Amino acid sequence: MDFLGTTSLGLLRAVPVTVLLFLASALGASLVAAVLVAMQQARVTQGLARAWIFVFRGTPLLLQIFMVYYGIAALGPIRHGFLWPAFREPLFCAWLAMTCCCSAYIAEVLRGALGAIPVGQIEAALACGMGRWTRLRLIVAPQVLRLALPAYGNELVMMIKSTSLASSITVLDVTGVAQQVIAHSYRTLDVFCLAAAVYLGMTAALTAVLRRIERSLDPLGSARR
Amino acid sequence: MDAELSVPALLGFGADGWGWALMAAAGLTLAVALAAMAIGAVLGAALAAAEASRRVWLVRIAATYGLVMRGVPELLVVLLLYFGAPGMLAGVAGLFGLPAPGSPPAFLTGSLAIGLVSAAYQAEVFRGGMLALPRGQIEAAMAAGMGPVVRLRRVILPQVLHHVLPPLGNIWQFNLKDSALVSITGLAELMRVSLVAAGSTRRPFVFFAAAMVLYLILTSASSALFRMIERRGSRWAGGR
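Moving on, we come to the overall build of chain A. Scanning chain A from terminus to terminus reveals eleven helices and zero strands. Along chain A, helices (α) and strands (β) appear in the sequence α-α-α-α-α-α-α-α-α-α-α when read from the amino end. Dimensions of chain A along its principal axes, counting C-alpha atoms only, are 70 × 50 × 25 Å. Taking all 225 residues of chain A together, the buried fraction comes to 36%.

Pasting the structure below:
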């Protein structure tokens, strides 16, 4: 009982690390994804955006994390350059890899939502004499946000789970602390079940928040059923 | 001394090259993903059937399984099976008065872990597929005297396949990438071998880039294959 108590406390103390990594990469990935979608609209930058999405969706996140932490950080210009203080930190490397990886998935979600907006609406906005930014602000963005939310929410849940990979490059998040406790105590089953419960709590909380936002964006309940 | 080797020599098939090792590792990655997909298909079908049953406790078990497996990181499941399996096996063996069998092969625990997660997602897909098929058709097929195999081949699959294949393709892609997590069990799949090569040659960038290319080949080749099957599968559905 005493062991389980102290372990739970230790795991809960690691929650801020996991949440920080999640929030920072969710923010970064969403921004990069918006840029990627914008790039896909112009012919010149389309290829680069496509290549980015192809590479980051087609390779495992674990490999990308190792690539940043061990691969890129070992290159001369990084190792001896001004970026070294950042690349020395495993948390920064995990954040960078997660931002790049998840931006590719989120870009696909946003692109799908963008494609679901009827062309007639854009034409109507043009006919009303709306400029590019007015169109984006009043017609496109509000609808993309609502259409993309369910799939975007799924990506966010995936991201919470993906933060556990940061433990492989010595970040002491919930999974990292769990592995540490097991290395000391050899009590595998109970520690992992506690860690699983912590993650379940986080994903359940996120899902509840998302459902609430979804409902507030859709007051008439048209999307339900 | 190793740092002097050129990139082609490092990745080549010569004496100092890691070419063959990387190829074999990519094959093992594919094998892990295939095994996980198969385990996930069997368990996922069982879960979908449980969720469609009239017994409340079966529905609850299946729903809870899905909730837990989709809410817990895959890495945690792999770690749990890797570290926990020997103890669990010893416990089971102990019940029958047998000596502890030691740890099971890494391939088995690894693909089982990925498969257990995959099952939760595949169950959702199968459930959706079954909803797409009106019940009356099954009843009609039974009334026409079709056995379960004929029913599946002639009535269910042609109509459900084109609903089920695209999401199954997505799950396959996730399995392929999740197989990298099995590297922590020491199984010599692509992630593990590139780590070992990176460590022993001290050229991590080269080997991680090579592994990325191999993963990209695996994912894009299999997605092309899935698209081909999808096109065949939608022949009967009036697809494009």
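What follows continues from the structure just given.
A tally of regular secondary structure across chain B gives nine helices and zero strands. N-terminal to C-terminal, the α/β element order of chain B is α-α-α-α-α-α-α-α-α. Each of the three principal axes of chain B carries a C-alpha extent, and together these read 75 × 55 × 30 Å. In chain B, which comprises 240 residues, the proportion classed as buried is 36%. A separation of at least 24 residues holds for 73% of the contacts in chain B among residues at least 6 apart in sequence.

Leu63, Ile65 and Ala195 of chain A together with Leu76 and Ala211 of chain B are the most contacted members of the largest nonpolar core, which totals 114 residues. Among the elements that line this core, the one with the most residues is helix 7 (residues 90-115) of chain A, at 15 residues. If we skip the residues at most four places from it in the chain, Ile65 of chain A touches Cys93, Ala94, Ala97, Leu165, Ser168 and Ile169 of chain A.

On to helix 9 (residues 132-162) of chain A, then. Because the α-helix completes a turn every 3.6 residues, residues three or four places apart line up on one side. The end-to-end C-alpha distance of helix 9 of chain A, which contains 31 residues, comes to just 36 Å, noticeably less than the 45 Å that a straight helix rising 1.5 Å per residue would cover. Along helix 9 of chain A, the largest kink reaches about 55 degrees and is centred on Leu149 of chain A; proline Pro150 of chain A follows within four residues of it. Among the residues of helix 9 of chain A, Val144, Leu147, Ala148, Tyr152, Leu156, Met159, Ile160, Lys161 and Ser162 of chain A are the ones counted as buried. If you follow the buried residues of helix 9 of chain A, they end up packed against helix 2 (15-41), helix 4 (61-71), helix 7 and helix 11 (188-217) of chain A together with helix 4 (74-95) of chain B.

For Val72 of chain B, the location among the structural elements is in the loop between helix 3 (56-71) and helix 4. Separated by 159 residues in the primary sequence, Val72 of chain B and Arg231 of chain B have C-alpha atoms spaced 34 Å apart. Apart from residues no more than four positions distant in its own chain, Val72 of chain B is found in contact with Ala196, Tyr199 and Leu200 of chain A together with Val77 of chain B.

The interface of chain B with chain A comprises 27 residues on the first partner and 27 residues on the second. Within the residue set of the side of chain B that touches chain A, elements represented by two or more residues are helix 3, helix 4, helix 8 (190-201) and helix 9 (204-233) of chain B. Of all the elements, helix 9 of chain B adds the most residues to the side of chain B that touches chain A, at nine residues. Tallied by class, residues from the side of chain B that touches chain A come to 20 nonpolar, five polar and two charged.

This brings us to helix 5 (residues 106-131) of chain B. The end-to-end C-alpha distance of helix 5 of chain B is 37 Å, a good match for the 38 Å that 26 residues give at a rise of 1.5 Å each. Along helix 5 of chain B, the sharpest change in direction is near 30 degrees and occurs at Ala119 of chain B.

Despite not being glycine, Tyr186 of chain A shows a phi value in the positive range, around 60 degrees. Tracing the backbone through its elements, the reader meets Tyr186 of chain A in the loop between helix 10 (174-185) and helix 11. Owing to 10 C-beta atoms within 10 Å, Tyr186 of chain A belongs among the exposed residues under this scheme. Despite not being glycine, Arg202 of chain B shows a phi value in the positive range, around 55 degrees. Here Arg202 of chain B is to be found in the loop between helix 8 and helix 9. Its 10 C-beta neighbours within 10 Å are what place Arg202 of chain B among the exposed residues.

Glancing now at the packing of helix 2 of chain A against helix 9 of chain A. Packed helix pairs are specified by the crossing angle of their axes together with the interaxial distance, meaning the distance between the axes. Residues and elements named next belong to chain A. Where helix 2 meets helix 9, the axes come as close as 9 Å, and the angle between the chain directions of the two elements is 135 degrees. Relative to helix 9, the element helix 2 is oriented oblique. Considering only the axes of helix 2 and helix 9, their crossing is right-handed. Taken together, the residues of helix 9 that come into contact with helix 2 (itself represented by Phe22, Ser25 and Ala26) are Leu156, Met159 and Ile160. Tallied by class, the residues present in the contact of helix 2 with helix 9 amount to five nonpolar, one polar and no charged.

What follows deals with the environment of Val174 of chain A. When you line up the elements, Val174 of chain A lands in helix 10. Remark: the alpha-carbon pair of Val174 of chain A and Leu48 of chain A, spanning 126 residues in sequence, is separated by 36 Å.

Let's shift gears to the confidence of the model for chain B. In regions of low pLDDT, the predicted coordinates are not meant to be interpreted in detail. In this model, chain B carries a mean pLDDT of 88, and residues with pLDDT of at least 70 account for 95%. Mean pLDDT across the secondary structure elements of chain B bottoms out at helix 1 (residues 7-11) of chain B, with 81, and peaks at helix 3 of chain B, with 94.

Residue and element names in this part refer to chain A. Residue position: Leu172 is located in the loop between helix 9 and helix 10. Take Leu172: there are 19 C-beta atoms within 10 Å of it, and that puts it in the partly exposed class. With 154 residues separating them in the primary sequence, Leu172 and Thr18 have C-alpha atoms 8.6 Å apart. Every residue in contact with Leu172, bar those within four places of it in the chain, is listed here: Ala14, Val17 and Val177.

What counts, and where the lines are drawn
- Residues numbered from 1 in each chain as written.
- Chains lettered and ligands numbered in written order.
- Predicted model: local features only at pLDDT ≥ 70, side-chain atom pairs only at ≥ 80, totals over all residues.
- Helix = DSSP H or I, 4+ residues; strand = E, 2+ residues; numbered from the N terminus.
- Buried ≥ 20, exposed ≤ 12 C-beta atoms within 10 Å, placed from the backbone.
- Contact = placed C-beta atoms within 7 Å.
- Core = buried A, V, L, I, M, F, W, Y, C linked by C-beta atoms within 7 Å.
- Expected span 1.5 Å × (residues − 1).
- Bend = angle between axes of the 7 residues up to and from the residue.
- Nonpolar A, V, L, I, M, F, W, Y, C, P; charged D, E, K, R; others polar.
- Axes fitted to C-alpha atoms, helices over the stretch in contact; angles between N-to-C directions.
- Parallel < 35°, antiparallel > 145°, perpendicular 65-115°, else oblique.
- Left-handed = near helix turned anticlockwise from the far one by under 90°.
- pLDDT = per-residue confidence, 0-100.

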